[in-house]
Amino acid sequence: MTQISYGLFSELLLVRIHGRAEAYLQASSAERLALVAACRGEATVPDLAQRILSRTIYAQASSRIGPLRELLQNALDASPPGARIDVRSSEDGREISVTDQGRGMSRTELLADLLVPFRSGKAGEPDAIGEHGIGFFSVLEIAPWIEVVTATSSGGHRLLVAPLGAGPPYEDFSWTLLSLPRPSPAPPVDGGRAGVPARRVDERAPEPPRRPTTGTSVRLSLAQQISRPALAAEVTAAVGLVDAAVARIYVDGALVNTARGRLRRGAEVPLRLPPSGELCGAVELLVGRGEGIEPQLTITQKGLTVATRIDPFPGPELGLHRELARAITAAGFGLVAELPLGVPLNKGRSAVAASASTAVEAALVAAFERFVLRDALYDRELLRAVDHRLSSVLDRLLHAALLGESITIASAQAVDELDPVARTPTVAAPEQVIRFASGLLDAPLFRSAVVDAGHRPSGAALSPLLGQAHYRSAHLTLRELLQAHRIGALRPLDAALSLSSSQVRSTARWPLGAPAPESAVGREAHGVRPGELVYLALDEPLAQAFWRRLASEGAASQPLQAAAGAPPRAPSAAPCPMPRTSREALLKIAIDVPGVRAVAAAMTIIERLDAAISESTDLPASPIWVHQDLYGPDEMAHTDGSGISVNLASARVRALLTAVLLRDDAVAFTALADLLLHEKTHVSLASYVPRPTAEHGTSFYRRKDWMRRRLLAAIASGAVADPMRWLAVARRGLASAALPAPSELSQAFLAAAAAA
């Protein structure tokens, strides 16, 4: 006979508060009524249980994603590794079901754990992440009518939940529990028992539904309907980063957790929770891009989304971290911080609990630093993707070093060992930022060849020397290169030469200028001794950015000066304003200024870039102009919606234009394309007026990344001609790639204005 039980949520909570839950579950209907009445009489507030329920149900989730995450979390905790979890919706969007193949729940677990808040049946399970016992209650906010069908190896149950009173919010919920019969064994189809003829089976007759061996299915009747695309998006936001080896999660038959396979480990940092300092595991920083990976920092636990951040490092003391993170996420890369299971979350599981937040924040910063210093700056694909944005951060460090500013107080290894009282952070740069900047300057990033100047005849080429024993290869730091530059020992490595990775394995390190150990002479090593010349290999993005920065400062060695033509103005020079000018007006007014024809050729290249971007993104082409210092000396380009104007007085713009005019420089051309994409994104979003607090938000960079993908796809398919092919056309007939000095252009336009 089917056993039926029923009652109210408030009754289960009330008897639990008074320690009579076991007696309530074993009592008859009349005895249960007496127990509940006795508990109400002892309570200080008659409706205490209803108040607790209301705050538990209606104060957890701010959207549908939270309750869906709680249901899927329960399914994950109950399922074996690699099991399938299905989320399905009805045609009208009024019902959702979540089905797992886990162990199921018994009658006691349903009544004592699932339906009683603040009591979890997962206590003591090391791999389970549910701990508060209130996740199921958050579902009642979006779905007041719930059906749970669950089966264990010993039996099955059907639980019905319905609201009471007018709502929402509802004053209480009723529950009805029915025992399901055991599934009967399948009848024999090819024979029966001895002496009993086999029963004939009609293959056309539909097979009656059978209860699964084990597992749980939760069916929600939603208060507001949901479309299938919206359901897929919300489930993906909650569980899209779950490892498919843990569970395969399907929404209406489509697998949604495929992103984890595109992530790679960036760093791992041990995490100790206060106040005991006990080690609870490690924070893992994962990095990747592609479908399902949002360009932001996502904090997860067991793959379930805990929180998302567009700016992962708020506060002025983490400005350098924030700039690097923005450069990485703007290029489409996502950062995922996986928390260990020991980190407590708040009751809505949408943030780290206050008791652990400080430790988690410190671990995130440390993991990001390790990723940048040990991985990101060596990742060629990532550096190519971020174009000039990551290089601009390097520019800031390099500019400070060229001006002689000290940005370090100790090495990155020794800072942690210093007495905290002895540390001397400044107002402009707290100790954490100083340590990180020091690490960036002291990371061995630049492949170089170190040559003994005494063995090189004056004017001799480097090529023959590389075949002799008078050089060694080295990975040098930014600080060492700057020191070599200051003493006049820095040179560019010939473009035709390259150093293989086998030549630059790290075997030793010693400070620049210190005598090298005799055992290191003639083999791969680091550092530079007095009397040696450093030849920097310019085949890596950071090395190219470094060399261009030296050129823009007017500080590069003579070989680059000769190639680049007239040096750009120094940063401290006075502004050289020039109005926004078309190519025709430029050639008419300043035709006699040396280098103007190079500007016209550069404008042709920019016009072809704009045409390719416009055609691939269905935007109208923009007129291309040039100007000088109209919108500030640091702005590379500007748009007012009617056209795009490039600042010829910008040192970085001059370096990019010079590089593409001299040769087919893919790195400089990519940076120039990114600059145009940036301005075209403003055009497409109609955001022409700079707004420092809102101009470059997530929507802006997502739009920019979408436009970049459209451009690359159009070039790859042949729908748009590769604009890099126009470099040779633009250079045709050009005698020199040297750009005019900003002061000369400014004087030419001032004279034209005076004459008019």
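Residues numbered from 1 in each chain as written. Predicted model: local features only at pLDDT ≥ 70, side-chain atom pairs only at ≥ 80, totals over all residues. Heavy atoms only, no water.

Colleague: Any chance you could explain helix 5 (residues 65-78) here in plain terms?
Modeller: Given 3.6 residues per helical turn, the α-helix brings residues three or four places apart onto the same face. Over its 14 residues, helix 5 extends 20 Å from the first C-alpha to the last, a length consistent with the 20 Å expected when each residue adds 1.5 Å. Most of helix 5 sits out of view: 12 of its 14 residues are buried. Taken together, the buried positions of helix 5 are G66, P67, L68, R69, E70, L71, L72, Q73, A75, L76, D77 and A78. (Helix = DSSP H or I, 4+ residues; strand = E, 2+ residues; numbered from the N terminus. Expected span 1.5 Å × (residues − 1). Buried < 20%, exposed > 50% of the residue type's maximum accessible area, 1.4 Å probe, protein only.)

Colleague: I tried to follow unusual backbone geometry on my own but got confused; where do I start?
Modeller: With the exception of glycine, most residues fall at negative phi, and the peptide bonds are largely trans. Each neighbour pair has its own omega, and for P274 with P275 the value is -5 degrees, a cis peptide bond. Its location among the elements puts P275 in the loop between strand 10 (264-273) and strand 11 (278-288). For K302, which is not glycine, the phi dihedral falls at a positive 55 degrees. Here K302 lies in the loop between strand 12 (297-301) and strand 13 (304-309). A positive phi angle, near 60 degrees, is found at D618, a position not held by glycine. Turning to its location among the elements, D618 is positioned in the loop between helix 19 (596-617) and strand 20 (624-628).

Colleague: Explain the sheet that holds strand 13 to me, please; I cannot follow it from the model alone.
Modeller: By definition, the strands of a sheet pair up through backbone hydrogen bonds, in either a parallel or an antiparallel sense. Across the sheet, which stays open at both edges, the 5 strands sit in the order 10-11-14-12-13 with mixed pairing between neighbours. The sheet is open, and its two edges are formed by strand 10 and strand 13, each paired on a single side. Neighbouring strand axes in the sheet, compared pairwise and without regard to direction, differ in orientation by 25 degrees on average. With 5 bridges joining them, strand 12 and strand 13 adopt antiparallel strand pairing. Note on strand 13: the bridge partner recorded for L297 is R309. (Pairing = 2+ DSSP bridges. Axes fitted to C-alpha atoms, helices over the stretch in contact; angles between N-to-C directions.)

Colleague: Which parts of the structure should I look at to understand helix 19?
Modeller: Compared with an ideal rise of 1.5 Å per residue, which puts 22 residues at 32 Å, helix 19 spans 31 Å between its outermost C-alpha atoms and is within 8% of the ideal. Taken across its 22 residues, helix 19 has 17 buried, putting it largely inside the fold. Just past helix 19, the residue D618 takes up positive phi, approximately 60 degrees.

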